[in-house]
Amino acid sequence: MSGSQGVTALCENPTEVFLDVSKLLITYADNILRNPNDDKYRSIRIGNPTFSTKLLPVKGAVECLFEMGFEEAETHLVFPKSASVERLKQVRETIASERDQRLGASKAASSQQSARAPPSPAPPPTPPSASSAGSASAAAAVPTPAPAALPFTSSSVTFLRTLQSNFQHVLIYESPELQQKALNRIPHELLRTRAKERLKQAKDADPACTLGEEDMLVLDLLQWFKGDFFSWVDNLPCSQCGGATQPSGPLPPSNVDLRWDAGRVENHFCHTCQLSTRFPRYNHPEKLLETRKGRCGEWANCFTLLCRALGLEARYIWDSTDHVWTEVYSQSQRRWLHCDPCENTCDKPLLYEVGWGKKLSYILAFSKDQVVDVTWRYSCKHPEVLSRRTQVQETWLLHTLNGLNATRQQSLGAERKQQLLQRLLVELVEFISPKTSTSGELGGRISGSLAWRVARGESEARNTEGDAQKCVFIPTKSEKEKKLFHICYNIIKNCYFRQSNGQETIPGWQRGAWRTENMFRKEEQDWQMVYLARTKGSSSGRISWKFNCAPVGMKIKSALVRAFSQTFHSGSIRWSLRSAETTIEFPGDGELNSYSSLSGGKELIVEAELTGGEGEVSWQHAQLFRQSLKDTEKVLFEILVEMEES
């Protein structure tokens, strides 16, 4: 049939797949042809298991239905009264003809007879069943668009395929063999020992602490995963000379690539060697245990598997604005915790909207038993988010999630179903009230190169005046009682450790900074060194940290500061301490020095200004906290503030 792109696409499937799907399509058409006045045969429920599992995933199948004349309604595909029956017959006959050829001459006659006398109609689609899962979305009055000239590009069909693909993919994590392979890669005994130590510190600092060992295990797993196991890829080094490469379009995947679900292969081209270095974007977590590199897709994919291997309940989080991460269920807190392995971040859900400046719309959580719309956990601007949710109707999304969950949960016992329902109800209550951001959620993205982050608009958050958001350390109740504030920064782990607050971890050098200007973190893989420096091409850089004890009725008694920096050639670094009217310059020599002259003040600002240097690499001639990547426990920046009643 001329111009039938749907049938053409359908014919590209293997014969066995084509025969199964074509039989179903012909049955749908014959039901209408045989019963033209019966409405029940003109409607196909999208959540129907037959439709969603046997027809929807197959290339060209839904497109054929649209070409027959079906149109998209909220929860169904509908063949309207105004649709052309002749068009339906034409598409049906084209499919039947191809089916006859594939079945062979012996079945051709039978198929032709079937075309002249349509068989008895198939049972009508079953009504939607009640489900315990769904979306917390409010219904948006967004009309479903009429099918375009090529209706198979319908947004809801695309969206549904994304849902099904992710929902099917997470079942890979449940393979016992794969979980054992993952467990063999994890230093799980060491991580559990660290988790016990971390929990003890937390309970020593706060006897009322109700957190569990698994909560701490998640933190240690995140830290190990980012610091020791997985690596980020912007552009791979040239496989011949080791030099820089540039992205240069896609390459065709090999059979090995396809075996590991790498349908997309990037070409990282070296202009010096004129050589291409292939970067397959593997989507199978077993392969990622071997390669241990990638971008957020690979990071979240592999990290979610590791969580499941450790016995943690985890789910894969898909964000339609191009990011993915993980959530882990906390038994002690009875809630899901946001975990981003790329950023070594836990329980900072507003990071993306507030910290990165993302314009969120749809965020879905996928586990082995359930898919949930969790968008509202990650936003403090619900009306804005709702205004952007125009890809599908809210009622369609709710009904579709209910249908997917009902199908997946058919084999579950009553106790597990009740557990999932209770958890969902807790989430829905949580989603009702938008959150308030914390200091740890205000920083920009740290994974990926600066250019990549800037290109995506995720380098830092902006407030209404256009200034970067700022972190100010204010004593907690525990710190006030101890009259001590103590924070360290480890540049290898790229984390701040708030020692006086139960070993709180703040990942990312930007997250704990008050102000930054032209600064970035540099890892030298050849020299195996890491440091903070000013950005390339800038004449100066500045970073500062701020502590304020006034809000809790305290003042500074004394301050101790340790900072280490190095300069080369004509590079220069000026370190200073400021409190009220007092400004003190101090050396960045790595020694812990006490400054009692700051006594009586209520604010403390520590600042480093980087200038000077020679030539194109002048930015490299002034470095903060330079140290070997092998010295994982060394701390080169530390602030201790003793406090007293104001």
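Our subject is the structure that appears above.
What counts, and where the lines are drawn
- Residues numbered from 1 in each chain as written.
- Predicted model: local features only at pLDDT ≥ 70, side-chain atom pairs only at ≥ 80, totals over all residues.
- Heavy atoms only, no water.
- Pairing = 2+ DSSP bridges.
- Helix = DSSP H or I, 4+ residues; strand = E, 2+ residues; numbered from the N terminus.
- Buried < 20%, exposed > 50% of the residue type's maximum accessible area, 1.4 Å probe, protein only.
- Lys, Arg positive; Asp, Glu negative; His and termini not counted.
- Salt bridge = Lys/Arg side-chain N within 4 Å of Asp/Glu carboxyl O.
- Polar contact = N/O pair within 3.5 Å; in protein donor to acceptor, adjacent residues only side chain to side chain.
- Contact = heavy atoms within 4.5 Å.
- Axes fitted to C-alpha atoms, helices over the stretch in contact; angles between N-to-C directions.
- Left-handed = near helix turned anticlockwise from the far one by under 90°.
- Nonpolar A, V, L, I, M, F, W, Y, C, P; charged D, E, K, R; others polar.
- Parallel < 35°, antiparallel > 145°, perpendicular 65-115°, else oblique.
- Phe/Tyr/Trp six-rings, centres within 6.5 Å; stacked < 30°, edge-to-face > 60°.
- Lys NZ or Arg CZ within 6 Å of the ring centre and 35° of its normal.
- Core = buried A, V, L, I, M, F, W, Y, C linked by side-chain atoms within 4.5 Å.

Caption draft 1: Molecular detail of the sheet that holds strand β1 (residues 43-45). Spatially, 3 strands are ordered β1-β3-β2 in an open sheet, and the strand pairing comes out antiparallel. The outermost strands of the open sheet, each flanked by one partner alone, are β1 and β2 (71-72). As judged from the 2 bridges shared by β2 and strand β3 (residues 76-78), these two strands associate in the antiparallel manner. For E72, the partnering residue across the bridge sits in β3 and is L77.

Caption draft 2: Inspection of the side chain of R534 at higher detail. Its place among the elements puts R534 in strand β21 (residues 529-534). E609 provides the closest opposite charge to the buried, unpaired R534, separated from it by 9.6 Å. Engagement of the side chain of R534 in a polar contact is seen with the side chain of S618, the distance being 3.3 Å. Apart from the residues lying within four places of it in its own chain, the contact partners of R534 are N518, M519, F520, S539, S540, G541, L610, T611, G612, S618 and W619.

Caption draft 3: Focus on the packing of helix α2 (residues 15-34) against helix α5 (residues 85-103). Orientation of α2 relative to α5, taken along the N-to-C sense of each, is 145°, at an axis distance of 9 Å. The way α2 lies across α5 gives a crossing that is left-handed. Mapping the contact onto sequence places T15, F18, L19, S22, K23, L25, I26, A29, D30, I32 and L33 in α2 and V85, L88, K89, R92, I95, A96, E98, R99, R102 and L103 in α5. Grouping the amino acids of the contact of α2 with α5 by side-chain chemistry returns 12 nonpolar, 2 polar and 7 charged.

Caption draft 4: Highlighting the pattern of salt bridges. For the structure on display, the rule yields 42 salt bridges. For R416, the salt bridge identified is with E313, shortest N-O distance 3.3 Å. Here E313 lies in the loop between α13 (296-309) and β9 (314-319) and R416 lies in helix α17 (residues 414-432), a separation of 103 residues in the sequence. Here E633 ties to K493 by a salt bridge, and the two come within 3.0 Å at their closest N and O atoms. Of this pair, E633 sits in the loop between β28 (622-628) and β29 (637-645) while K493 sits in the loop between β16 (484-490) and β17 (495-498); the two residues are 140 residues apart in sequence, bridging distant segments of the chain. Connected through salt bridges with shared partners, the residues R264, E266, R281, R295 and E298 form a single ionic network.

Caption draft 5: Here's a closer look at the packing of helix α8 (residues 176-185) against α13. The contact between α8 and α13 brings their axes to 8 Å, and the two run at 95°. Compared by their axis directions, α8 and α13 come out roughly perpendicular. Between α8 and α13, the residues in contact are L178, Q179, A182 and L183 and L305, L306, R308 and A309, respectively. When grouped by side-chain class, the residues that make up the contact of α8 with α13 number 6 nonpolar, 1 polar and 1 charged.

Caption draft 6: Examining the packing of aromatic side chains more closely. Applying the stated criterion to the full structure yields 31 aromatic pairs. Judged by centre distance (5.6 Å) and plane angle (75°), the ring pair of F225 and W299 falls under edge-to-face. You can see F225 sitting in helix α10 (residues 213-229) and its partner W299 sitting in helix α13, a full 74 residues away along the chain. Per residue, the accessibility class of F225 equals that of W299, and both read buried. Ring plane angle 50° and centroid distance 6.2 Å describe the contact between W232 and W299, whose orientation is recorded as tilted. Linking W232 in strand β4 (residues 231-232) with W299 in helix α13, this pair joins segments that are 67 residues apart in sequence. By the burial criterion, W232 is buried, and W299 matches it. Joined through ring pairs, the aromatic side chains of Y489, Y496, W545, W575, F586, Y595, F625 and F637 make up one cluster. Its guanidinium or amino end placed over the ring of F167, R408 lies 3.8 Å from that ring's centre, counting from NZ or CZ.

Caption draft 7: View of the nonpolar core. By size, the foremost hydrophobic cluster in this structure holds 90 residues, and its most contacted members are F51, L55, L65 and I95. For I95, the contacting residues outside a window of four places in its chain are V7, L10, F18, S22, L25, I26, C64 and M68. Counting residues in each nonpolar core, the second largest holds 44 residues, with I491, I506, L598 and F637 among its members.

Caption draft 8: View of unusual backbone geometry. Positive phi, normally seen in glycine, also occurs at Q274, with a value near 55°. Structurally, the position occupied by Q274 is in the loop between β6 (265-270) and β7 (275-280). Positive phi is not limited to glycine here, since D347 has a value of about 60°. Of note, D347 is situated in the loop between β12 (345-346) and α14 (351-355). According to the relative accessible area criterion, D347 is partly exposed, its value standing at 29%.

Caption draft 9: Focus on the environment of S579. Structurally, S579 can be placed in strand β24 (residues 572-579). S579 has contacts with I556, L598, G601, K602 and E603, leaving out every residue within four places of it along the chain.

Caption draft 10: Broad picture of the sheet that holds strand β10 (residues 323-330). Across the sheet, which stays open at both edges, the 6 strands sit in the order β12-β11-β10-β9-β13-β14 with antiparallel pairing between neighbours. Every other strand in the sheet has two partners, leaving β12 and β14 (371-373) as the edge strands with one partner each. Of the strand pairs in this sheet, β9 and strand β13 (residues 363-366) are connected by 4 bridges, and their pairing is antiparallel. Residue pairing in the sheet places D319 in a bridge with I363 of β13. Of the strands in this sheet, β9, β13 and β14 are in contact with helix α7 (residues 155-169), which crosses β13 at around 30°. Across the sheet, α13 lies against β9, β10 and β11 (335-340), angled at about 20° from β10, the strand it touches most.

Caption draft 11: Spatial organisation of the pairing of β6. For β6, a buried count of 6 out of 6 residues is recorded, marking the element as mostly surrounded by other parts of the structure. Neither face of β6 is left uncovered, since the one carrying V265, N267 and F269 and the one carrying E266, H268 and C270 both have all their residues buried. Count of turn residues in the β6/β7 antiparallel hairpin: 4 residues, of which Q274 carries a positive phi of about 55°.

Caption draft 12: Spotlight on the environment of Q393. For Q393, the location among the structural elements is in the loop between α15 (382-388) and α16 (394-408). On the basis of relative accessibility, which here comes to 11%, the residue Q393 falls in the buried class. Placed 318 residues apart in sequence, Q393 and T75 show a C-alpha to C-alpha distance of 9.3 Å.

Caption draft 13: Inspection of the pairing of β21 at higher detail. Among the 6 residues in β21, 6 count as buried, and that is most of the element. Both faces of β21 are covered, namely the face carrying M529, Y531 and A533 and the face carrying V530, L532 and R534. Pairing between strand β20 (residues 519-524) and β21: 6 bridges, direction antiparallel. Looking at the pairing, R521 lines up with L532 of β21. Counted between consecutive antiparallel strands, the loop separating β20 from β21 contains 4 residues, among which Q528 sits at a positive phi close to 55°. Bridge analysis of β21 against β28 gives 3 bridges, and the strand direction is antiparallel.

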